[in-house]
Amino acid sequence: MTAHSPAARLRRAAVAGVVFAGLAVAGTGCGADPDEGTNGVGKLSAGQIEGKAKAAAGAASSVHLSGTLVSSGKTFTLDMRLGKEGGSGEVKSKEDTFQLLRVGDQLYLKASAAFWGTSEAAGKLGDKYVKVPESDPTYKQFRGFTDMHVLLDGLLGLDGKLAKGDYTKVGPTRAVQVTADKGKGGKLAVSLEGTPYPLRMERAGGAGTVDLSDWGQPVQLDPPPADQTLDYGSQLPTTKEPGSGGSPAPAPTGKGSGQGSNPTG
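As the structure is a prediction and not an experimental result, all values here were calculated from the model.

*Asks:* Looking at this structure, how should I read unusual backbone geometry?
*Replies:* Positive phi outside glycine occurs at Asp181, with the angle close to 50°. For Asp181, the position within the fold is in the loop between strand S8 (173-180) and strand S9 (187-191).

The structure is reproduced here in structure tokens:
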């Protein structure tokens, strides 16, 4: 009767629970495949992963780019939606905030009145979309921020010996890291789900971190309403000199385009 007592039954149940728990832990720790359910790029070498990511980015029709860039000694915060025919979004510097819109070759710039300096038209230009003529230096300084492939060419560059890093997540998406020069030359997180798009780029030398998302999603690019647009013809009113708190300093031309400047330089 003792063997069938409530206390004995409870002891046997407790022992069985411990045994089953141990088996479950052992089962999850042995033979688990970290690449199960992924696109398989995590099995490749670091150089191959980087190549796959660059190829995917080069073939994409659009991207949402957000984060910080350090260029010519200045820090910019970007939130840009970019497509093959242009881009739109916001660029912030320490001194000002710029709304940029490019439809084809036509670039529109919205900035505060302070950006336009002491020109007589400054008060009228503030918070209006101003058509920027291609002959004006401002066009070259800002166009690169709206050019998908100029930005990507400048961003997706690792400098130094490549190594495959840890598996991680960027938002909800699983990713594998590729590092250069033990991280000093930059870190690139590449998606392990679907197309191996770049998801996050940490630039070498602390030159900013940028997230890349919404690959291939439609980007709506329409000229601003006529009542919010000003056209000063072939030359804009005088703006602040580069480096004095207004427009960014000129940057070298990007590898992916014969027009505009590469703001990631």
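Here the narrative resumes.
*Asks:* I keep staring at the pattern of salt bridges and nothing clicks. Help me out?
*Replies:* As a working rule, side chains carrying opposite charge can pair if their charged atoms are close by. Using the criterion set out here, one finds 8 salt bridges in the structure. The salt bridge involving Glu50 is made with Lys54; its shortest N-O contact spans 3.6 Å. Linking Glu50 with Lys54, this pair stays in helix H2 (residues 46-59), spanning 4 residues, or about one helical turn. On the basis of relative accessibility, which here comes to 13%, the residue Glu50 falls in the buried class. Taking the relative accessible area as the measure of exposure, Lys54 reaches 40% and is therefore partly exposed. Residue Asp231 is joined to Lys131 by a salt bridge in which the shortest nitrogen-to-oxygen separation is 3.7 Å. In this pair, Asp231 sits in strand S12 (residues 229-231) while Lys131 sits in strand S6 (residues 129-132), placing the two residues 100 residues apart along the sequence.

*Asks:* Help me understand the sheet that holds strand S3 (residues 86-92), please; the structure alone is not making it clear to me.
*Replies:* Two modes of strand pairing occur in sheets, parallel and antiparallel, and in both the strands are linked by backbone hydrogen bonds. An order of S7-S8-S9-S10-S11-S1-S2-S3-S4-S5-S6-S12 is seen for the 12 strands of this open sheet, with the pairing classed as mixed. The open sheet terminates on both sides in strands that have one partner only, identified here as strand S7 (162-170) and S12. Shown here is a sheet whose adjacent strand axes are inclined to one another by a mean of 20°, direction ignored. Where H2 meets the sheet, it contacts S7, S8, S9 and strand S10 (198-202), and its direction lies at approximately 55° from that of S7. The strands that helix H5 (residues 148-155) touches are strand S1 (62-71), strand S2 (74-83), S10 and strand S11 (209-213); relative to S1, the one it contacts most, it runs at about 55°.

*Asks:* I'm lost on the environment of Arg81 in this one. Help?
*Replies:* Locating Arg81 in the fold gives a position in strand S2. By relative accessible area, which is 40% here, Arg81 ends up partly exposed. In the structure, Arg81 is positioned 20 residues away from Leu101 in sequence and 9.7 Å away in space, judged by C-alpha atoms. With near-sequence residues (within four places) excluded, Arg81 lies in contact with Val63, His64, Gly87, Ser88, Asp214 and Val219. A distance of 3.0 Å separates a polar atom in the side chain of Arg81 from a polar atom in the side chain of Asp214.

Thresholds, definitions, all that
- Residues numbered from 1 in each chain as written.
- Predicted model: local features only at pLDDT ≥ 70, side-chain atom pairs only at ≥ 80, totals over all residues.
- Heavy atoms only, no water.
- Helix = DSSP H or I, 4+ residues; strand = E, 2+ residues; numbered from the N terminus.
- Salt bridge = Lys/Arg side-chain N within 4 Å of Asp/Glu carboxyl O.
- Buried < 20%, exposed > 50% of the residue type's maximum accessible area, 1.4 Å probe, protein only.
- Pairing = 2+ DSSP bridges.
- Axes fitted to C-alpha atoms, helices over the stretch in contact; angles between N-to-C directions.
- Contact = heavy atoms within 4.5 Å.
- Polar contact = N/O pair within 3.5 Å; in protein donor to acceptor, adjacent residues only side chain to side chain.

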